[in-house]
Structure formats: structure tokens, C-alpha cells
Amino acid sequence: MLRILFLTHAFNSLTQRLYIELQQQGHEVSVEFDINDIVAAEAVNLYQPDLIIAPFLKRAIPESIWDKTTCLIVHPGIAGDRGPSALDWAILNNETLWGVTVLQANKEMDAGDIWTTQAFMTRHTSKASLYRNEVTEAAAIAVLKAVALFEKGNFIPQPLDYSNTENSTIAGKKLLKIKGQLQPLMTQNERKIHWYEDTTNIVLRKIRSADGFPGVLDDIFGREYYLYDAHEEQQLSGKPGELIARCGGAICRATIDGAVWIGHLRDKQAEHPFKLPATRLLAQSVKSLPEIEPDQTTGYRDIWYEQEGEVGYLHFPFYNGAMGTEQCQRLQRAYTEACQQETKVIVLMGGTDFWSNGMHLNLIEAAESAADESWNNINAINAINDLALEIINTNSHLTVAALQGNAGAGGVFLARSVDEIWASQGVILNPHYKDMGNLYGSEYWTYLLPRYAGEKNAEHIIQARLPMGTKDALSLGLINEVIEKKGTAFIKDVKKRAADLADVPAYSSRLEYKNKCREVDEQYKPLANYRKSELDKMHMNFFGFDPSYHIARYNFVYKVAKSRTPLTIARHRRISPLVENKTRSAV
Ligand code: COA
């Protein structure tokens with residue numbers, strides 16, 4: 001067992017995944033945010049780690065640290081690739097095969113000796129999606145391999161030598177091929193869209209290579225916006241560069257050979273310099289554009305239904321998993337319609353990257369009254385709580401949530417409102433609200449969590465305030481099944497299982513039993529009572545004296561840099577129980 005310190009810019013999804021995987025292997029992991037050299041050195045001093053891992057670092061580790069302790073850097077590039085825009089270049093250059101490399105920190109950034117490298121096939125998708133899926137999977141494999149090699153001892157990593165371009169060996173040991181190179185920081189110059197020259201394919205690649213950060217800077221009606229969330233339009237076309245339609249929150253812009261939908265923008269100079277739906281930011285200027293109803297071939301689809309046999313599938317890949325009031329209302333309408341079909345099972349698919357991350361904090365921050373909009377997002381007619389209520393009370397179908405991607409806060413509990421949760425391998429859940437300024441949370445979690453996980457586990461889950469892997473979530477009763485597959489293989493498996501669920505001879509008795517249980521639960525304590533007591537506390541969060549939720553939300557949306565690492569993950573900064581008790585008795 002090793003003591004491993006993570007030195008990281010943030011506790012992001014990849015860091016969370018490695019944190020969980022390494023602990024499952026029996027290692028002890030503590031986390032320190034990379035705030036400055038002195039703080040990092042203090043963490044190393046306090047923890048005395050066997051190994052330091054940097055899963056997501058934006059600057060070099062000081063020599064005083066890597067000189068004494070082995071530091072492994074996770075770089076989202078193939079062996080030999082260097083520089084801060086690895087994935088941006090991979091997408092822009094249309095690489096089909098990419099990788100993650102674990103290398104040792106030394107004097108030169110990303111030029112240290114190579115421990116492991118893991119390849120993956122890319123997809124036509126955004127940088128953030130590639131990072132949350134393929135990169136994270138590859139990083140988990142590469143880091144576990146590197147840690148095992150470190151634990152075994154005597155492993156000599158391979159120095160970076162750009163002449164190793166073909167298979168070669170040294171002393172019988174096969175060397176890694178070095179195909180990557182040093183690439184500069186990608187600037188807005190390389191990203192710039194030339195609407196009169198670039199094909200749809202190039203426009204998509206430019207926007208996707210910068211999504212979620214920094215976005216491609218572009219001019220719309222003479223003002224500078226960063227573009228995100230780009231999708232190809234199949235039918236519409238127009239004069240290159242012209243805005244030709246709108247659909248939900250998205251705008252459609254013509255290219256030389258078609259058009260693209262742009263779902264989100266960030267206004268460079270605005271009062272709210274964070275991502276918002278495009279039509280929300282452009283408001284009156286796009287009101288006169290033709291409005292498109294999305295279908296299979298046209299429009300910006302963020303909700304759609306498909307049916308196969310006796311199973312209905314509802315997809316809702318909302319950008320970043322955030323669900324605003326209006327999105328919840330549209331989802332609820334789609335859910336009600338799904339329940340009216342002659343099917344037996346409804347599967348809530350969420351999206352590839354996230355199933356849901358709960359209420360839409362950016363829209364709340366941008367609202368005239370953040371408190372009112374928070375309240376609406378939870379409690380308006382057909383908003384998130386009504387949606388959860390309708391799912392819990394579904395008596396016509398068995399319901400499943402298929403988690404292709406991660407879920408956080410209210411999104412986890414919304415998923416728990418179904419009868420069964422099936423999660424894909426590697427999914428991370430954050431089943432807690434408290435990190436958002438002690439937000440109490442709603443979505444009937446006070447009913448759902450004890451109902452499925454039991455009182456003791458429910459208490460443990462909520463108090464821990466930590467990300468959870470599928471293994472723990474399963475053993476605590478938060479989810480029902482783990483399907484050890486990813487992407488299309490996961491969806492294929494979900495479809496097979498859902499068809500089987502609709503087809504089992506016991507289907508009717510199962511449905512009857514579920515409805516009976518609901519009746520009994522309702523008699524014991526009505527759902528309205530759970531909702532009322534949750535909302536009483538949420539009302540205090542939104543409108544009460546304590547501003548913690550509003551401050552935490554502001555910091556989250558504006559991405560205010562962290563000034564310390566939370567004690568929940570910085571175990572080296574916790575006072576041991578012994579010392580704590582002594583301090584208490586002295587007081
Ligand atoms: N509303 C708006 N945006 C959200 C969001 C939400 N509820 N949850 C996540 N996002 C955005 C982030 O701002 C980030 O945006 P970016 O593309 O500009 O970088 C992106 O989604 C990815 O989130 P990030 O925090 O980087 O992902 P992660 O995998 O590291 O962490 C969570 C996942 C769920 C732990 C974290 O996003 C989170 O705490 N979200 C807020 C959950 C919440 O409190 N919801 C409200 C109560 S129901």
C-alpha cells in the first residue's frame with residue numbers, strides 16, 4: 001500500500017476517478033490543490049508521500065519537490081507529445097488515434113522519462129467530452145500500471161528520445177515509439193473561424209477543440225463571443241457566416257457547405273462572462289430568425305424519444321448536465337408523453353457526458369433574482385421536483401436510469417427516482433449538495449436515499465461529501481447494477497436488459513409490487529411532507545440570512561480559483577482524532 005499525494009489544479013472528474021481507482025487498489029490518497037509552491041511543499045512535508053501524482057496540473061512542479069519524491073504527471077497526449085494544448089491540437093488536426101502518457105516530472109515541462117502510455121481511438125466530439133470519456137479511461141489504465149511498476153521497484157522509465165520513431169529494443173527491453181512532438185499553446189489565431197472558407201467539418205473541429213475551455217472567439221452582430229456546444233445541421237444552409245435559424249437555446253450559422261448549431265456562448269465583455277444558452281445572450285437580435293422544431297434531421301436536439309419494442313428511451317444530453325427550469329419542464333412533457341405510449345419500460349438515458357448535474361447554476365446566476373430563479377428551478381410547476389415526483393409515481397411502467405456519464409447533486413437524486421439505476425463502468429457520482437454552500441437539496445432525496453440505501457448508508461453518503469465510484473454506489477444501495485461497458489457497448493447492453501425487463505413473465509407482478517410499495521410508503525408518510533420539509537430548508541438557503549449558497553454558486557459559476565483544499569480530500573491537513581480530542585479537553 002502506498003501513500004499517494006495528488007497535486008492538482010482541481011478535483012475534476014479525471015482526478016476523482018483516479019482517487020477512487022487507487023483507493024480501491026488499497027492505496028491511501030490525499031489531495032492538495034496546486035495553489036503555490038510553498039503550500040505544495042507544506043503538503044508534501046505534512047503527508048510524506050511515497051509517490052506524488054499530478055492528474056491535472058497547469059504548471060510545473062517545483063524542483064525542490066520532484067528532486068526528493070517521484071512525481072508522475074498525467075499528460076493527455078501520446079508519448080513525446082508536449083505542451084498545454086494537447087487535446088486541442090489532436091482534435092484540430094483530426095487525429096484518429098491519441099493517448100495518455102504518464103511521465104516523471106523533471107526540469108523541462110512534459111519532457112520527463114516515460115512510465116506508461118495508453119492509446120485510444122478519438123471520436124468526433126468536444127475536447128471536454130473526449131477528456132471525460134476516452135482520456136479518463138486511458139488515464140485510469142496508465143496510472144494504475146505506473147503505480148504498480150513503482151510499487152514493484154527497480155523500474156527504469158524510458159527517457160524521451162525523439163529518435164525512437166520505430167520499434168526498437170535496449171538490452172532486450174522493447175522501447176515505446178515516440179510519435180508526439182512539442183506543440184505550442186493554441187491561440188485564438190489558430191482557432192479563428194473563416195466563415196467564407198471553412199467547411200462545416202472544419203468549423204466543428206475548431207469549436208470542439210476549444211470546448212469547454214477557452215471557446216472560439218467570434219464576432220456576432222459586431223460583438224465578441226466565445227462559441228461552444230457545436231453540432232452539425234443536416235438540412236439548412238445559407239450565405240456563409242449568416243445566422244439562419246434558432247432552435248431552443250441554439251442559433252444556426254451557415255457555412256460554405258451547410259450549417260452548424262451553436263448551443264452556448266460566453267460574452268467576452270458582458271456583465272455575465274460565463275456560458276449561457278446562445279438565444280438567451282443574443283435575445284432580441286435573434287428573435288426574428290425562423291424558429292425550427294427539432295426532429296431527426298434538423299434542429300438542435302437536447303431531448304428526444306425513441307422506442308424499440310416495448311421500451312421507450314428518453315435522451316436528454318443537456319450541455320454540462322445542467323437543467324434549467326424550462327429544460328425540466330420540456331423534459332417532464334416528454335416524460336409524460338413517454339408514459340402514454342404502449343410500452344412497458346422507460347429508460348432515462350441522460351447524455352454521454354453527464355446524466356444530470358441538477359439545477360442550472362449559470363442560468364440562476366444570470367437571473368434578475370438568483371434566489372427566485374433557484375426556487376423556480378426546484379419548485380415551479382413541472383420543474384425538477386415535479387419531474388422527480390412524476391417519475392416516482394409512475395404506475396404504468398417500470399423505470400430505469402441508464403448512467404452513461406457522471407451525475408452530481410440533484411442529478412443523482414433525480415436518477416434515484418426511478419426503479420433501477422444501471423451505471424456504466426467508471427461513472428462517478430457526487431451524491432451530495434453541501435459543497436454548494438451547505439445547500440440542503442430537494443428532489444425528494446430525504447425519501448429516496450433511505451428508501452434505497454437504508455438509513456445508515458444514507459447518512460454516510462450525505463456526510464461524506466465525496467465522489468463515489470460504481471462499486472461503492474452499488475454496495476451502498478445507491479445504484480442497482482454496474483454494466484462493465486462504455487459508450488455504444490453500454491447502450492447496446494442497456495437495450496438488451498431493458499427488453500428483457502419488459503419481457504420477463506414476472507413483469508406484471510413486479511409492477512404491481514412496485515405500486516403496492518409506493519402506496520404503503522405514501523400512507524406511512526406522504527411525499528408532500530418530504531417535499532415540504534426539504535423546501536422549508538431550501539427556502540432558508542435561497543432567501544435566508546446565511547449567504548453561503550449564493551457565495552458558493554457565484555464562486556462556482558465564475559470559476560473563482562480555490563485558495564485551499566477542502567479537508568474532505570486533504571487528509572494530510574486533518575488533525576488526527578487523538579490531537580483533536582486533546583485540543584478539545586484542553587479547551
Ligand atoms: N449548472 C451549471 N453548470 C454546471 C453545473 C450546474 N449544475 N454542473 C456542472 N456545470 C458545468 C461546470 O461549470 C463546468 O463548466 P465548463 O464547461 O465551463 O468548465 C462543466 O459543467 C463541468 O463541470 P466540472 O465541475 O468541471 O466537472 P467535474 O466533473 O469536475 O465535477 C460536479 C462535477 C457535479 C461535482 C460539479 O460540476 C458540481 O459540483 N456541479 C454543481 C452541482 C450542483 O451543486 N448542482 C446544484 C444543486 S442541484
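Residues numbered from 1 in each chain as written. Predicted model: local features only at pLDDT ≥ 70, side-chain atom pairs only at ≥ 80, totals over all residues. Heavy atoms only, no water.

### Comments concerning unusual backbone geometry
- A cis amide bond links Asp-211 to the next residue, Gly-212, at an omega of 0 degrees.
- Looking at where Gly-212 falls in the secondary structure, it is placed in the loop between α7 (200-208) and β9 (216-220).
- The linkage connecting Phe-213 with the following residue, Pro-214, adopts the cis geometry, with an omega of 5 degrees.
- Of note, Asn-94 is a non-glycine position whose phi angle comes to about 60 degrees, a positive value.
- The residue Asn-94 is located in the loop between α4 (86-92) and β5 (97-104) in this model.
- Phi at Glu-443 takes a positive value of approximately 60 degrees, unusual for a residue other than glycine.
- Relative to the assigned elements, Glu-443 resides in the loop between β22 (429-430) and α14 (445-453).
- Note on Glu-443: relative accessible area 2%, which makes it buried. (Helix = DSSP H or I, 4+ residues; strand = E, 2+ residues; numbered from the N terminus. Buried < 20%, exposed > 50% of the residue type's maximum accessible area, 1.4 Å probe, protein only.)

### Comments concerning the site of the ligand
- Of all residues adjacent to the ligand, which total 20 residues, the nearest are Lys-275, Asn-320, Asn-357, Met-359 and Leu-361.
- Contact between the ligand and Lys-275: an oxygen atom at 2.7 Å from a side-chain N or O atom of the residue.
- Note that a nitrogen atom of the ligand is positioned 2.8 Å from one of the backbone N or O atoms of Met-359.
- Contact with the protein chains removes 83% of the 850 Å² of surface that the ligand exposes when unbound.
- Its residues assigned to classes, the shell around the ligand comprises 7 nonpolar, 10 polar and 3 charged. (Near = heavy atom within 4 Å. Polar contact = N/O pair within 3.5 Å; in protein donor to acceptor, adjacent residues only side chain to side chain. Areas by Shrake-Rupley, 256 points an atom, 1.4 Å probe, with all protein chains shown as cover. Nonpolar A, V, L, I, M, F, W, Y, C, P; charged D, E, K, R; others polar.)

### Some points on the pairing of strand β2 (residues 28-33)
- In terms of burial, β2 is largely enclosed, as 5 of its 6 residues are buried.
- Pairing of strand β1 (residues 3-8) with β2 involves 6 bridges; the strand directions are parallel. Each bridged residue has a counterpart across the sheet, and for Ile-4 the counterpart in β2 is Val-29.
- You can see the chain leave β1, run along helix α1 (residues 13-24) and come back into β2, and the turn it takes is right-handed. (Pairing = 2+ DSSP bridges. Right-handed = clockwise from strand over helix to strand, strands pointing away.)

### Digging into the sheet that holds strand β20 (residues 406-408)
- Read from one edge to the other, the open sheet built from 3 strands follows the order β18-β20-β22, with strand pairing classed as parallel. Only two strands of the sheet have a single neighbouring strand rather than two, namely β18 (354-356) and β22.
- Alignment of β18 against β20, held across 2 bridges, turns out to be parallel. When the sheet's bridge partners are listed, Ser-356 is paired in β20 with Ala-407.

### What to know about the pattern of salt bridges
- Considering all chains together, one arrives at 38 salt bridges under this definition.
- Put simply, Glu-224 and Lys-268 hold a salt bridge, and the shortest N to O gap is 3.5 Å. Taken together, the residues Glu-224 in strand β10 (residues 223-233) and Lys-268 in the loop between β13 (258-267) and β14 (276-277) connect sequence positions 44 residues apart.
- The class for Lys-268 is partly exposed, based on a relative accessible area of 41%.
- Close ionic contact of Glu-420 with Arg-510 constitutes a salt bridge, the shortest N to O distance being 2.9 Å. (Salt bridge = Lys/Arg side-chain N within 4 Å of Asp/Glu carboxyl O.)

### Things to note about helix α11 (residues 370-379)
- Taken residue by residue, α11 has Ala-370, Ala-371, Glu-373, Ser-374, Asn-377 and Ile-378 as its buried positions. End-on view of α11: buried residues confined to an arc of 165 degrees, all on one side of the axis. (Arc of directions from axis to C-beta.)

### Section: the side chain of Thr-200
- Assignment of secondary structure puts Thr-200 in helix α7.
- Side chain to side chain, Thr-200 and Thr-255 meet in a polar contact 2.7 Å long.
- Ignoring any residue separated from it by four or fewer positions in sequence, one finds Thr-200 in contact with Glu-232, Thr-255, Asp-257, Gly-258, Ala-259 and Val-260. (Contact = heavy atoms within 4.5 Å.)

### Examining the packing of aromatic side chains
- The final tally for this structure, using the stated rule, is 16 aromatic pairs.
- Aromatic side chains Phe-316 and Phe-318 sit 6.0 Å apart centroid to centroid with 45 degrees between the ring planes, which places their arrangement in the tilted category.
- Owing to a relative accessible area of 1%, Phe-316 belongs among the buried residues under this scheme.
- Among the residues examined, Phe-318 registers a relative accessible area of 5% and is labelled buried.
- The interplanar angle of 45 degrees and the centroid separation of 6.2 Å between the aromatic rings of Phe-413 and Trp-445 together place this pair among those described as tilted. Remark: Trp-445 occurs in helix α14 and Phe-413 occurs in helix α13 (residues 410-415); sequence separation between them is 32 residues. Like Phe-413, the residue Trp-445 is buried in the burial classification.
- Ring pairing ties together the aromatic residues Trp-375, Phe-542, Phe-543 and Tyr-549, which thus form one cluster. (Phe/Tyr/Trp six-rings, centres within 6.5 Å; stacked < 30°, edge-to-face > 60°.)

### Topic: the nonpolar core
- Ranked by size, the top nonpolar core spans 67 residues in total, and within it Leu-348, Trp-355, Leu-403, Leu-429 and Leu-449 carry the most contacts.
- Of the residues forming this core, the biggest block, 6 residues, is contributed by helix α9 (residues 325-339).
- The residues touching Leu-429, leaving out its near neighbours within four places in the chain, are Leu-403, Ala-407, Val-412, Leu-466, Pro-467, Met-468, Ala-473, Leu-478 and Ile-479.
- In terms of nonpolar packing, the next biggest core, distinct from the first, is built from 37 residues, Phe-33, Ile-53, Ile-91 and Val-102 among them. (Core = buried A, V, L, I, M, F, W, Y, C linked by side-chain atoms within 4.5 Å.)

### Focus: the domain arrangement of the chain
- Domain boundaries assigned for the chain yield domain 1 (3-175), domain 2 (188-286) and domain 3 (304-543).
- Put simply, the middle of domain 2 and the middle of domain 3, counted by C-alpha atoms, are 32 Å apart.
- Between domain 2 and domain 3, the residue contacts involve 11 residues of the former and 6 residues of the latter.
- Summed over both sides, the interface between domain 2 and domain 3 buries roughly 760 Å², with carbon and sulfur atoms accounting for 61% of that surface.
- On the domain 2 side of the interface with domain 3, the three residues burying the most area are Phe-274, Lys-275 and Arg-280, jointly 47% of the side's total.
- Where domain 2 packs against domain 3, one counts 0 salt bridges.
- Counting only elements with at least two residues in the side of domain 2 that touches domain 3, the list comes to β10 and β14. (Domains from an automatic or database assignment. Buried area = accessible area lost by both parts, 1.4 Å probe.)

### A few points about the state of the cysteines
- Applying the stated criterion across every chain, the model contains 0 disulfides.
- We note that Cys-247 lacks a disulfide partner, and the nearest cysteine sulfur, in Cys-252, lies 9.0 Å from it.
- Note on Cys-339: no disulfide assigned, nearest cysteine sulfur contributed by Cys-328 at a separation of 16 Å.
- For Cys-339, a relative accessible area of 17% puts it in the buried group. (Disulfide = S-S within 2.5 Å.)

### Describing the pairing of strand β21 (residues 420-424)
- In terms of burial, β21 is largely enclosed, as 5 of its 5 residues are buried.
- A two-sided burial pattern is seen for β21, the buried positions comprising Glu-420, Trp-422 and Ser-424 on one face and Ile-421 and Ala-423 on the other.
- Note: β21 against strand β23 (residues 481-483), 3 bridges, orientation parallel. Directly across from Ala-423, in β23, lies its bridge partner Val-482.

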